[in-house]
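This is what each chain is made of:
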Amino acid sequence: MNAMKKKIEFRDQYANQEEHYSKNIPLDFVYRFLSSFDISGAIWVLYMVYKGLSLWQVGIVEGVFHVASFLFEVPSGALADLLGKKKVILAGRFCAALSSLLLLGAGNIYDFIVAFVISALGYNLNSGSEEALLFDSMKKDGREQEYQKMSGRMEVVVEISQAAAVFLGGALSEYSFRYCYSAAITIALCSMLPAFFFREPSIEPEDRKKAAGEGITEKDKQDSRDKKDDRLFHVNIEIRKHAAVCADILRNNRAVRDILIYYPAVEAFCAVVHFYGQEYFAQLGLNRIAISLLMLVNGGMGTLGALSSDFLTKKLREHTRYAVSICIALGCFLVSSGHLPVAVTGFFIMGFGAAVLYPLRSSELNRQIPSAQRATIISIDSMMFSAFMLVVFPFMGFMADIVGLTWAFLLNALFLTAVVWSGTATP
């Protein structure tokens, strides 16, 4: 009788635990909306130009951001795997608030560099942790097959949030950049509230068992037994073990390697158009409010893209990534036309296509990696994006200062086409 009672209690306890994990999903919708409400997203290039920086210097600052991101990315992912995703997410949002505070008072390129380094740290702390927490929460419910659809819905929330934010940011900046960055600080702090209520998904026993037996030598095991009370030593062993398992995944899984190269490259060339587009459309005659409206509509196109991702994947199957990438490259050529209506059309095509690719990439990558290493591998994906950006963004800024943004965007379109072609040519 006692055994039966204990069995029922255990079952009820497990069911309640699963219910707590499922609550992460609605909380994540609220968190993603607030954390994506980047009110400075449509005006930060204009802000730097207003503060006296050239496009080349803007490229340098963004390049420093990606150098810092490159250095922080994998360690931040490892911290999420080893210390907990919730703690790392909260730390990332604090860094976002601090960065906006420093940008508010920035007066020269060095101030911007410091603020952007802290922003990079915040971005890194959140980048892999958010996806990993969502996937593992769904995995606890046995719903990982629905992840791409859920990721698409999350992307819809992100696109709506970003579109509303850039419109509000552009409108506020028309009166004062100070209003814009003051609001950014407040929103970053508010985004910590839903994150406080996340429940950390526990790692499946089989994943822990697998990780425990890999990436560690016999000598490490013997030293671990000899130093049972040395906490620092055991932390070092865990980090070495974790790094070795991640390296083994990258070495033996070609599909993961392809994802970690192709998608970040395409995304980097899209980002060049999105960010330098602020100044480009200003040169084509739009004011800040009009640019904000443009970004708002582009966010709507991104929402449609995110909603369409699962449908297009079912129709196009393995050809989805390349068909969509070809459309993005075409959009980039249209942007480089120098004619406002054509450029706007190309900009919208790129926004739609990039939003289609994000859930697809996330789904492909998450299905290839175990839970115990999920945040770290996703962080490597972000690190690869930073590696491309720290080269592409300053280079395009340099070209824009020499030959103008129209020709720089044409060159960007040619590079993007080469990436897509090389991806389709890979067996």
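Rules and cut-offs
Residues numbered from 1 in each chain as written. Predicted model: local features only at pLDDT ≥ 70, side-chain atom pairs only at ≥ 80, totals over all residues. Heavy atoms only, no water. Helix = DSSP H or I, 4+ residues; strand = E, 2+ residues; numbered from the N terminus. Expected span 1.5 Å × (residues − 1). Buried < 20%, exposed > 50% of the residue type's maximum accessible area, 1.4 Å probe, protein only. Salt bridge = Lys/Arg side-chain N within 4 Å of Asp/Glu carboxyl O. Patch = residues over 30% accessible without salt bridge, like charges linked within 9 Å, V, L, I, M, F, W, Y side chains within 5 Å. Areas by Shrake-Rupley, 256 points an atom, 1.4 Å probe, with all protein chains shown as cover. Lys, Arg positive; Asp, Glu negative; His and termini not counted. Contact = heavy atoms within 4.5 Å. Axes fitted to C-alpha atoms, helices over the stretch in contact; angles between N-to-C directions. Parallel < 35°, antiparallel > 145°, perpendicular 65-115°, else oblique. Left-handed = near helix turned anticlockwise from the far one by under 90°. Nonpolar A, V, L, I, M, F, W, Y, C, P; charged D, E, K, R; others polar. Phe/Tyr/Trp six-rings, centres within 6.5 Å; stacked < 30°, edge-to-face > 60°.

**Student:** Requested: an account of helix 5 (residues 85–104), with residues and values cited.
**Tutor:** It helps to recall that an α-helix has 3.6 residues per turn; residues three or four apart then point in one direction. Compared with the 28 Å implied by 1.5 Å per residue over 20 residues, the 29 Å span of helix 5 between its first and last C-alpha is a close match. Along helix 5, the residues classified as buried are Lys85, Val88, Ile89, Leu90, Gly92, Arg93, Cys95, Ala97, Ser99, Ser100, Leu103 and Leu104.

**Student:** Give a description of the pattern of salt bridges that names residues and reports values.
**Tutor:** Once the charged atoms of two side chains with opposite charge are near each other, the side chains can pair. Overall, the coordinates contain five salt bridges when judged by the stated rule. Among the salt bridges present, the one from Asp28 reaches Arg32, with a minimum N-O distance of 3.3 Å. Remark: Arg32 and Asp28 occur in helix 2 (residues 24–35); sequence separation between them is four residues, near one turn of the helix. Assessed through its relative accessible area of 2%, Asp28 is described here as buried. According to the relative accessible area criterion, Arg32 is buried, its value standing at 7%. For Arg361, the salt bridge identified is with Glu267, shortest N-O distance 2.7 Å. Linking Arg361 in helix 16 (residues 340–366) with Glu267 in helix 13 (residues 254–283), this pair joins segments that are 94 residues apart in sequence. Linked by salt bridges that have partners in common, Lys85, Asp136 and Glu200 make up one network.

**Student:** Explain a nonpolar patch on the surface to me, and be specific about the residues and the numbers.
**Tutor:** A surface patch of nonpolar side chains, about 520 Å² in accessible area, is lined by Trp56, Phe398, Ile402, Val403 and Trp407. Per element, the largest residue contribution to the nonpolar patch is three residues, and it comes from helix 17 (residues 374–403). Residue placement: Trp56 occurs in helix 4 (residues 55–83). Judged by relative accessible area, which is 36%, Trp56 ranks as partly exposed.

**Student:** Describe the side chain of Glu62, listing the residues and the values that go with them.
**Tutor:** By the secondary structure assignment, Glu62 is in helix 4. Arg361 provides the closest opposite charge to the buried, unpaired Glu62, separated from it by 14 Å. If sequence neighbours within four positions are ignored, Glu62 has contacts with Trp44, Phe116, Phe275, Met389 and Phe393.

**Student:** Give a detailed account of the packing of helix 13 against helix 16, specifying residues and quantitative values.
**Tutor:** Helix 16 packs onto helix 13 with a crossing angle of 150° between their chain directions and a minimal axis gap of 10 Å. One finds that helix 13 runs roughly antiparallel with respect to helix 16. The element helix 13 and its partner helix 16 pack so that their crossing is left-handed. Counted together, Val256, Ile259, Leu260, Tyr263, Val266, Glu267, Phe269, Cys270, Val273, His274, Tyr280 and Phe281 of helix 13 and Leu340, Ala343, Val344, Phe347, Met350, Ala354, Leu357, Leu360, Arg361, Glu364 and Leu365 of helix 16 form the full contact between these two elements.

**Student:** Please give an account of the packing of helix 2 against helix 7 (residues 147–175) that cites residues and values.
**Tutor:** Each pair of packed helices gets described by two things: the angle between the helix axes and the distance between those axes. It is at 8 Å that the axes of helix 2 and helix 7 come closest, and there the two elements cross at 30°. When the interaxial angle is binned, helix 2 and helix 7 end up roughly parallel. Crossing geometry of helix 2 relative to helix 7 is assigned as right-handed. In contact with Ile25, Asp28, Phe29, Arg32 and Phe33 of helix 2, helix 7 contributes Met150, Arg153, Met154, Val157, Val158, Ile160 and Ser161. Looking at the contact of helix 2 with helix 7 residue by residue, the class counts come to eight nonpolar, one polar and three charged.

**Student:** Residues and numbers for the packing of aromatic side chains, please.
**Tutor:** Under the defined criterion, the tally for this structure stands at 21 aromatic pairs. Summarising the aromatic geometry, the rings of Phe281 and Phe347 are spaced 5.3 Å apart at their centres and angled 75° between planes, so their arrangement reads as edge-to-face. Separated by 66 residues along the polypeptide, Phe281 in helix 13 and Phe347 in helix 16 bring together distant segments of the chain. Overall, Phe347 belongs to the buried group, its relative accessible area being 3%. Through a chain of ring-to-ring contacts, the aromatic side chains of Trp44, Phe65, Phe116, Tyr123, Phe275, Tyr276 and Phe393 assemble into a single cluster.

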